[in-house]
Amino acid sequence: MIARIGTVELFLGLLIVAAVPLAAILGAALVVRRAAPRDAPPPSPAPGTVEPEVRAPDDQARAEQVLATARREADELAAVARRDAEQLEDDARRAADEIAAKARRSAADLVDNARRDAELAASTTLLEARRQHERDLAGLRTDLERRDHRLAEREERLDADVTRMGARDAELSNAEQALSRRQAELDQLEEERRQELERVAGLSAEAARAELVRAIETSAKREAALLVRDIEAEARDTGEKRARNIVVDAIQRVASEQTAESVVSVLHLPSDDMKGRIIGREGRNIRAFEQVTGVNLIIDDTPEAVLLSCFDPVRREVGRITLEKLVLDGRIHPHRIEEVHERSKEEVEALCLRAGEDALVEVGMTELHPELLAHLGHLRYRTSYGQNVLKHLIETAHIAGLMAAELRMNPQVVKRAAFLHDIGKALTHEAEGSHALVGAELARRCGETEEVVHAIEAHHNEVVPQTIEAVLTQASDSCSGGRPGARRESLETYVKRLERIEEIASGKPGVDRVFAMQAGREVRVMVLPDSVDDVAAQVLARDVAKQIEEELTYPGQIRVTVVRETRATEVAR
């Protein structure tokens with residue numbers, strides 16, 4: 001700031017020095033102009049003559065003199081101004097130096113004061129920290145003294161316990177020695193008693209032991225059979241009661257439609273004239289349709305309707321949609337049939353994929369392999385005993401999840417296994433083997449866990465179930481397929497199954513009569529009471545149930561009940 005003030009003052013001084021000569025020059029010019037005569041005009045020259053140029057030497061000399069004087073005065077004033085400016089600059093520099101020196105002294109004083117304040121604060125903080133440290137050390141010393149006192153007391157108690165344990169060990173050693181002597185005496189007495197018994201009975205110890213074992217074995221077998229029967233009855237009552245509650249609760253909480261489908265689709269026509277257009281000239285349209293779609297077209301006397309027959313449900317649906325579009329369009333010829341068939345195949349594939357995604361959302365599952373998703377969609381057009389397989393899978397998954405929740409298991413694994421257990425039915429026309437094994441191999445190839453794969457391959461006992469998930473999958477499958485109205489079968493198959501059940505039960509020894517009840521869901525076997533006792537009745541019921549499982553295929557389950565009549569006869573004389 002001081003240097004800036006000095007520079008401004010110097011600049012003002014220079015302006016003053018430059019202005020003084022200019023003022024002097026202007027003043028001299030004004031003096032010369034005033035000295036010239038204004039009133040006397042110059043004399044007019046005579047006519048016809050040329051006036052020579054005449055100057056006034058006195059006025060010119062006087063003007064030069066005045067100009068010289070002005071220059072000298074201006075030089076003197078400029079010199080004076082320069083000296084004044086230098087003097088002012090020196091004064092300003094000295095003033096600036098004085099102010100800077102004062103500022104340095106003030107800054108030094110402030111630094112000294114701040115240093116003293118900082119040293120004072122640091123010494124105060126250090127003193128306070130030292131006092132706090134001393135207080136903490138005093139507290140730690142007190143705690144250590146208390147702990148040392150407690151440790152000393154604990155060591156004294158431990159020494160006393162060790163002393164007592166030593167005395168107790170000595171007592172136990174004496175007692176063990178006494179027991180050893182007593183055991184030796186007992187062994188000697190037992191040997192003497194055994195020898196006396198052998199002498200009195202006339203049998204050796206080995207022979208007596210064998211006789212005793214035979215007697216005990218016979219009695220144990222009888223008692224074991226009775227005990228097993230009682231335990232099985234109790235377990236059956238308890239297990240069946242709990243299982244019945246779980247199954248009933250699961251079925252009550254699942255609501256599903258009861259519909260049936262067949263291998264024949266019906267397409268209604270706008271008029272009977274359309275049948276002739278479908279057949280075509282000399283039957284070329286119907287032959288082209290059957291060759292392209294692989295679906296048999298049946299045109300009979302049914303008014304305004306045709307039948308499409310095919311064992312492959314997906315192919316039958318493609319044929320139905322193709323024929324429906326051809327009828328709506330009205331143009332029916334071989335080339336048009338091929339075009340519409342290709343578009344119908346794409347449409348059915350899209351419908352299958354959408355059906356699989358909808359089923360996945362309904363069950364509450366995510367992250368299913370795309371190949372499994374496509375096969376699930378195909379099951380939308382597949383039926384088993386008249387029951388839609390995709391709806392059956394959804395219903396089975398819901399039932400399995402409810403059962404798993406009742407048993408406090410992870411419902412996601414059980415629902416996934418139940419939802420995929422019939423996935424092999426979409427491949428039975430393409431791969432050899434049962435749908436359980438084919439579906440398990442497909443699930444394993446698509447990255448499913450071993451628990452899910454095992455439940456799929458074991459749900460028809462082709463592989464022995466080893467996990468609870470597999471058992472729950474079997475139970476939920478039976479609940480979905482065995483409920484009333486879920487499935488249907490032909491009369492011939494139904495009669496043959498009933499006859500075979502009666503043959504199996506009648507072929508057992510001791511059976512008197514056999515009755516198949518509740519549409520083949522229960523078999524009651526009447527036995528001869530003199531030939532079959534209660535234990536044999538239990539064995540007979542188990543054998544009949546096992547043989548039915550091995551030889552017959554049926555939905556749901558079959559209960560086998562063996563009835564034995566007990567008669568008491570006396571004659572009064």
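Residues numbered from 1 in each chain as written. Predicted model: local features only at pLDDT ≥ 70, side-chain atom pairs only at ≥ 80, totals over all residues. Heavy atoms only, no water.

Undergrad: Explain the overall build of the protein to me, please; I cannot follow it from the model alone.
TA: Broken down by element type, the protein carries 15 helices and 8 strands. Sequence-distant contacts, at least 24 apart, represent 63% of the contacts inside the protein between residues at least 6 apart. Carbon and sulfur atoms make up 55% of the accessible area of the protein, which totals about 38800 Å². (Helix = DSSP H or I, 4+ residues; strand = E, 2+ residues; numbered from the N terminus. Contact = heavy atoms within 4.5 Å. Areas by Shrake-Rupley, 256 points an atom, 1.4 Å probe, with all protein chains shown as cover.)

Undergrad: What should I look at first to understand the pattern of salt bridges in this one?
TA: Where side chains of opposite charge bring their charged atoms close, a pairing between them can arise. By the definition in use, this model includes 26 salt bridges. The partner of Asp-422 in a salt bridge is Lys-425, with the nearest N and O atoms 3.5 Å apart. Take Lys-425: its relative accessible area is 11%, and that puts it in the buried class. One salt bridge in this structure joins Asp-512 and Arg-513, with 3.8 Å as the shortest N-O distance. Judged by relative accessible area, Asp-512 falls into the partly exposed class, the value being 43%. The exposure class assigned to Arg-513 is partly exposed, which follows from its relative accessible area of 45%. Three or more residues joined by partner-sharing salt bridges are found here, namely Asp-329, Arg-331, Arg-336 and Glu-339. (Salt bridge = Lys/Arg side-chain N within 4 Å of Asp/Glu carboxyl O. Buried < 20%, exposed > 50% of the residue type's maximum accessible area, 1.4 Å probe, protein only.)

Undergrad: Even after reading the chapter, I still don't get the pairing of strand β3 (residues 305–309), so can you show me in this structure?
TA: A regular strand places its side chains on the two faces of the sheet in alternate fashion. Where strand β2 (residues 296–298) lies against β3, 3 bridges are found, and the strand directions are antiparallel. If you follow Ile-298 over to β3, its bridge partner there is Leu-307. Counted between consecutive antiparallel strands, the loop separating β2 from β3 contains 6 residues, among which Glu-304 sits at a positive phi close to 55°. (Pairing = 2+ DSSP bridges.)

Undergrad: Please explain helix α15 (residues 534–551) as it appears in this structure.
TA: The periodicity of an α-helix, 3.6 residues per turn, causes residues three or four places apart in sequence to face the same way. For α15, with 18 residues, the first-to-last C-alpha span of 26 Å sits near the 26 Å given by 1.5 Å per residue. Along α15, the positions that sit buried rather than exposed are Val-535, Ala-537, Leu-540, Ala-541, Val-544 and Ile-548. (Expected span 1.5 Å × (residues − 1).)

Undergrad: Before we go on, may I ask you to explain the confidence of the model for the protein in this structure?
TA: Of the residues in the protein, 80% have a pLDDT of 70 or more, and the chain-wide mean is 78. Across the protein, strand β7 (residues 522–527) holds the top mean pLDDT of 89, while helix α1 (residues 2–35) sits lowest at 50. Considering only residues more than four positions removed or in separate chains, one finds that residues 31–55, a stretch of pLDDT under 50, has 6 contacts. Per-residue pLDDT stays below 50 along residues 255–261; that stretch engages in 15 contacts with residues further than four places along the chain or on separate chains. (pLDDT = per-residue confidence, 0-100.)

Undergrad: Even after reading the chapter, I still don't get unusual backbone geometry, so can you show me in this structure?
TA: A negative phi angle is the norm for most residues apart from glycine, just as the trans form is the norm for most peptide bonds. Even without a glycine there, the phi angle at Glu-282 is positive, about 55°. By the secondary structure assignment, Glu-282 is in the loop between α4 (273–279) and α5 (284–293). One non-glycine residue with positive phi stands out, namely Arg-408, at about 60°. Relative to the helices and strands, Arg-408 resides in the loop between α9 (389–406) and α10 (411–419). Since its relative accessible area comes to 81%, Arg-408 is described here as exposed.

Undergrad: Hey, could you run me through the side chain of Thr-396 in this one?
TA: Of note, Thr-396 is situated in helix α9. A relative accessible area of 0% places Thr-396 in the buried class. At a separation of 2.6 Å, a polar atom in the side chain of Thr-396 contacts the main-chain carbonyl oxygen of His-392. Once residues within four sequence positions are removed from consideration, Thr-396 is found in contact with Ala-418, His-421, Ser-476, Asp-477 and Ser-480. (Polar contact = N/O pair within 3.5 Å; in protein donor to acceptor, adjacent residues only side chain to side chain.)

Undergrad: Got a minute to help me understand the sheet that holds β7 in this structure?
TA: By definition, the strands of a sheet pair up through backbone hydrogen bonds, in either a parallel or an antiparallel sense. The strand order across the open sheet built from 3 strands is β6-β7-β8, with neighbouring strands paired in mixed fashion. A strand with exactly one partner marks an edge of an open sheet, and here the two such strands are β6 (511–517) and β8 (559–564). The sheet shows a mean angle of 20° between the axes of neighbouring strands, taken without regard to direction. Pairing between β6 and β7: 6 bridges, direction antiparallel. Bridging from a neighbouring strand, Val-514 pairs with Val-525 of β7. On the sheet, α15 packs against β6, β7 and β8 and is oriented at approximately 155° with respect to β8. (Axes fitted to C-alpha atoms, helices over the stretch in contact; angles between N-to-C directions.)

Undergrad: Is there a simple way to explain a positive patch on the surface in this structure?
TA: Together, Arg-147, Arg-150, Arg-154 and Arg-157 make up a region of like positive charge exposed at the surface. Within the secondary structure, Arg-157 sits in helix α2 (residues 57–201). (Patch = residues over 30% accessible without salt bridge, like charges linked within 9 Å, V, L, I, M, F, W, Y side chains within 5 Å. Lys, Arg positive; Asp, Glu negative; His and termini not counted. Charge placed at Lys NZ, Arg CZ, Asp CG, Glu CD.)

Undergrad: Explain a negative patch on the surface here, please?
TA: Together, Glu-153, Glu-155, Glu-156 and Asp-159 give the surface a local cluster of negative charge. Assignment of secondary structure puts Glu-155 in helix α2.

Undergrad: I would appreciate a short explanation of the nonpolar core in the present structure.
TA: Soluble globular proteins: nonpolar side chains tend toward being buried together. One finds Leu-368, Leu-372, Leu-376, Leu-379, Phe-419 and Leu-420 to be the most contacted residues of the largest nonpolar core, which totals 32 residues. Mapped onto this core, the elements with two or more residues apiece are α7 (334–363), α8 (370–378), α9, α10, α11 (435–445) and α12 (450–457). Looking at which element gives the most residues to this core, the answer is α9, with 5 residues. Once residues within four sequence positions are removed from consideration, Phe-419 is found in contact with Ala-359, Leu-360, Val-363, Met-365, Leu-376, Leu-393, Ile-394 and Ala-397. (Core = buried A, V, L, I, M, F, W, Y, C linked by side-chain atoms within 4.5 Å.)

Undergrad: How should I be thinking about the side chain of Glu-448 in this particular structure?
TA: Structurally, Glu-448 can be placed in the loop between α11 and α12. Residue class for Glu-448 comes out buried when judged on its relative accessible area of 11%. Engagement of the side chain of Glu-448 in a polar contact is seen with the side chain of Arg-416, the distance being 2.7 Å. For Glu-448, the contacting residues outside a window of four places in its chain are Leu-368, Leu-372, Arg-416, Leu-420, Ala-443 and Val-453.

Undergrad: It is not clear to me how the packing of α11 against α12 should be interpreted in this structure. Could you clarify?
TA: If you want to describe how two helices pack, look at the angle between their axes and the distance between the axes. Taken N-terminus to C-terminus, the directions of α11 and α12 make an angle of 165°; their axes are 8 Å apart at the nearest point. What the angle tells us is that α11 and α12 run roughly antiparallel. Crossing hand, α11 versus α12: right-handed. On α12, the residues touching Ala-436, Leu-437, Gly-439, Ala-440, Ala-443 and Arg-444 of α11 are Glu-450, Val-453, Ile-456 and Glu-457. Split by residue class, the contact of α11 with α12 holds 6 nonpolar, 1 polar and 3 charged. (Parallel < 35°, antiparallel > 145°, perpendicular 65-115°, else oblique. Left-handed = near helix turned anticlockwise from the far one by under 90°. Nonpolar A, V, L, I, M, F, W, Y, C, P; charged D, E, K, R; others polar.)

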